[in-house]
Structure formats: structure tokens, C-alpha cells
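# Structural characterization, general
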Amino acid sequence: MWIYEKRLEYPVNITRPDLRMAKLLMAQYGGPDSELGAALRYLTQRYSMPDDRVKATLTDIGTEELAHYEMIGAMIRQCMQGATCAELDQAGLSGYYTMHDHGVFPVDPNGVPFTTAYIQCTGDPIADITEDMGAEQKARATYEHLMNMTGNEQILEPLYFLREREVVHFQRFGECLEIIQGIQNGRSSCSCRNARRRRP
Amino acid sequence: MDQEQMALLKKIGEARFTCVELNLYLDTHPEDAAARADFNSYSDKLQALLETYTNAYGPLMNFGQCALDTGSYVRSPWPWELM
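Bear in mind the structure is a predicted one, so any value in this text is a computation, not a measurement.

### With respect to the overall build of chain B
If you tally the helices and strands in chain B, you get three helices and zero strands. Ordered by position from the N terminus, the helices and strands of chain B form the series α-α-α. Taking the principal axes of its C-alpha atoms as reference, chain B extends roughly 40 × 25 × 20 Å. The buried share of chain B, taken over its 83 residues, is 16%.

The structure is reproduced here in C-alpha cells:
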């Protein structure tokens, strides 16, 4: 079950259209390392994790990623607000407009639609958590590239926040990896309510 | 949305963020008593702020999460709309 809170995790107020950045921000809305990919990846991988702490981390970070998906959606929407067809055409968004008008659809800046081929769930806890650590670093790098492409303070401010969250999530997944390795090496015990009832 | 409402919303955002951050830390450190005490203190603060906000401006959350539903949940601004 999820409950919606009718506010953004961090404020977004882009008062002037910025079509160039609308297009580039789509990297984090529907690209391979997007917030949508992150949310689906973590919420999908939870089921096969061997430890309650890791299940909690994937659930809660996956939930926060949905809030980031909403923030990026708000940023794209505000960057496109009031743009004319001629302006969209000039910004290289005529193809996007033809299919989506001013709607906010998960594609990357080149118009490639989101696909679950961007994520994995191997069922192997080490493989999955290692993928998640890589995903956080790729998203951090993408945020830095986005920040290098604009001087618009109204866009930079939420990007600073989002970049920082990638760093924190990477830290938490690193701890998850240690937890799983500790269990597999017999150094620590599994924190799992159902440990005794689990089938081999 | 007036200044007072925006200021309260900002406070809620700060308290919620602190709870999110401590929550993630506690996911991998459930035995950390100091972090848990911090979390409980910010959680109490957040609940008090949410109650004040709900009483004054209507619910921020649906599905029965906020005690008072004045019907204003639907009509209050959506968070991606410029204020």
C-alpha cells in the first residue's frame, strides 16, 4: 500500500520556460538511469532479498525515487509551460510534441521510450545490490552532466538536492552489500523474521 | 497560497525530509538507539505540523491518512503547478 502526500519532496519553481533543459531533463525521467528506472528496479528486487534490513532499504529508497520521478516530471512540465509549436520545433521537440503535446511522457532526450530492459532482477542478492550501487553512481553522473549544461538557478537548485540523494542512497546500498556478504560468509546472522521457516 | 501557508508547508518539507533521511539510515542500522531517538523526535514534530496544516488548510494526504477531510484535498493546488 502507498499513501500519496500532495507536495513535492523538494520545491520546484521554474517560472520561465526552458525548452532546452526540458529536453535534457528527460534523461532522468525516462532514460536508462532515470528515477523511474530506479523506483522500478528497487521495488522489483525486494522480494528475493534474504534480510529484512535490505528489504526495508529497497522499499524505502524505491519509494523516495517515486518522489524524485514526480519532481523531474514537475520540472519538465514547468520548463515546457506556455511553449508554442515554433519554440518546441526550434528546441528539437517537434517529434515529442507530435506524440505527446505538452504531456510528460517517460522518454530520454532523444525520444527513446522507457523500457524495463533498463533494469534487472536476477534474484541473486549480491548481483542485484551491486547493480543498484552502479545505478546510483550513473544517476549522480547524469545529474552532474545536467548541471554542467545549465546556469538556470531555478533548475540547478532541485538538481543539487537530487544529486545529493544519489550519494546517500549509494551509501545505504553499500551497507546492504556488507550485510549480505556478512551473512553469506557466516560472519553475521540474518535479520529475518521468517529465517527458521525459510525453505533452503 | 499565502505566505503563512507556504511557510508551514516548508516546515513540513523539512521535518519530512529529516524523517526520510533518518528512516533510510535506520533501515540498515535498526539497533542505533540515538538515531531512533532523533527519528521519534522529528516524527512527533512532523505529526504536529501536519495536524496544524490539516486544520487550517485541509488534508495533504488522502486514503484516510489525515483525520480531517474538508473536501479540499481535490481542490488544493497540485504540487507541479506554479503558485
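### A word on unusual backbone geometry
Of note, the phi angle at Asp-101 of chain A is positive, near 50°, even though the residue is not glycine. Position of Asp-101 of chain A among the secondary structure elements: in the loop between α6 (94-100) and α7 (125-148). A positive phi angle, close to 60°, is found at Phe-63 of chain B, a residue other than glycine. Position of Phe-63 of chain B among the secondary structure elements: in the loop between α2 (33-57) and α3 (72-75).

### Looking at the packing of α7 of chain A against helix α8 (residues 153-184) of chain A
All names here are of chain A. Two numbers describe how α7 lies on α8: the axes approach to 9 Å, and their chain directions differ by 160°. It follows from the interaxial angle that α7 and α8 lie roughly antiparallel. Crossing of α7 over α8 shows left-handed handedness. Taken together, the residues of the contact of α7 with α8 sort by class into 17 nonpolar, four polar and six charged.

### Looking at the interface of chain B and chain A
Taken together, the 19 residues of chain B in the interface contact 24 residues of chain A. Ranked by residue count, the leading element in the side of chain B that touches chain A is helix α1 (residues 3-28) of chain B, at eight residues. Residue classes in the side of chain B that touches chain A are distributed as 12 nonpolar, six polar and one charged.

### Overview of the nonpolar core
Residues and elements named next belong to chain A. Ranked by internal contacts, the top residues of the largest apolar core, which has 46 residues, are Leu-25, Met-26, Met-71, Ile-72, Met-75, Ile-76 and Cys-79. For this core, the element with the highest residue contribution is helix α4 (residues 52-80), accounting for 11 residues. Every residue in contact with Ile-72, bar those within four places of it in the chain, is listed here: Leu-25, Gln-28, Tyr-29 and Glu-35.

### Considerations on the environment of Tyr-4 of chain A
Relative to the helices and strands, Tyr-4 of chain A resides in the segment before α1 (19-25). For the pair Tyr-4 of chain A and Tyr-42 of chain A, spaced 38 residues apart in sequence, the C-alpha separation works out to 19 Å. When near neighbours in sequence (up to four residues on either side) are disregarded, Tyr-4 of chain A contacts Met-61 and Asn-62 of chain B.

### Comments concerning the environment of Val-20 of chain B
Residues and elements named next belong to chain B. Along the chain, Val-20 turns up in helix α1. Exposure remark for Val-20: the 19 C-beta atoms within 10 Å place this residue in the partly exposed category. Separated by 43 residues in the primary sequence, Val-20 and Phe-63 have C-alpha atoms spaced 21 Å apart.

### Comments concerning the packing of α4 of chain A against α8 of chain A
Residue and element names in this part refer to chain A. Relative to each other, α4 and α8 sit at 165°, their axes nearing to 11 Å. As far as their axial angle goes, α8 and α4 are roughly antiparallel. Classified by chirality, the crossing of α8 by α4 is left-handed. On the side of α4, the interface is formed by Arg-53, Val-54, Thr-57, Ile-61, His-68, Met-71 and Met-75, while α8 contributes Ile-155, Pro-158, Leu-162, Arg-165, His-169, Arg-172, Cys-176, Ile-179 and Ile-180. Here the residues of the contact of α4 with α8 sort into 10 nonpolar, three polar and three charged.

### Description of α8 of chain A
Across its 32 residues, α8 of chain A extends 47 Å between first and last C-alpha, which sits within 8% of the 46 Å expected from 1.5 Å per residue. Listed in full, the buried residues belonging to α8 of chain A are Ile-155, Pro-158, Leu-159, Leu-162, Arg-165, Glu-166, His-169, Arg-172, Phe-173, Cys-176, Ile-179 and Ile-180 of chain A. Those residues of α8 of chain A that are buried lie in contact with α1, α4 and α7 of chain A together with α1 of chain B. Backbone geometry just downstream of α8 of chain A places Gly-186 of chain A in the positive-phi region, at approximately 75°.

Cut-offs applied
- Residues numbered from 1 in each chain as written.
- Chains lettered and ligands numbered in written order.
- Predicted model: local features only at pLDDT ≥ 70, side-chain atom pairs only at ≥ 80, totals over all residues.
- Helix = DSSP H or I, 4+ residues; strand = E, 2+ residues; numbered from the N terminus.
- Buried ≥ 20, exposed ≤ 12 C-beta atoms within 10 Å, placed from the backbone.
- Axes fitted to C-alpha atoms, helices over the stretch in contact; angles between N-to-C directions.
- Parallel < 35°, antiparallel > 145°, perpendicular 65-115°, else oblique.
- Left-handed = near helix turned anticlockwise from the far one by under 90°.
- Nonpolar A, V, L, I, M, F, W, Y, C, P; charged D, E, K, R; others polar.
- Contact = placed C-beta atoms within 7 Å.
- Core = buried A, V, L, I, M, F, W, Y, C linked by C-beta atoms within 7 Å.
- Expected span 1.5 Å × (residues − 1).

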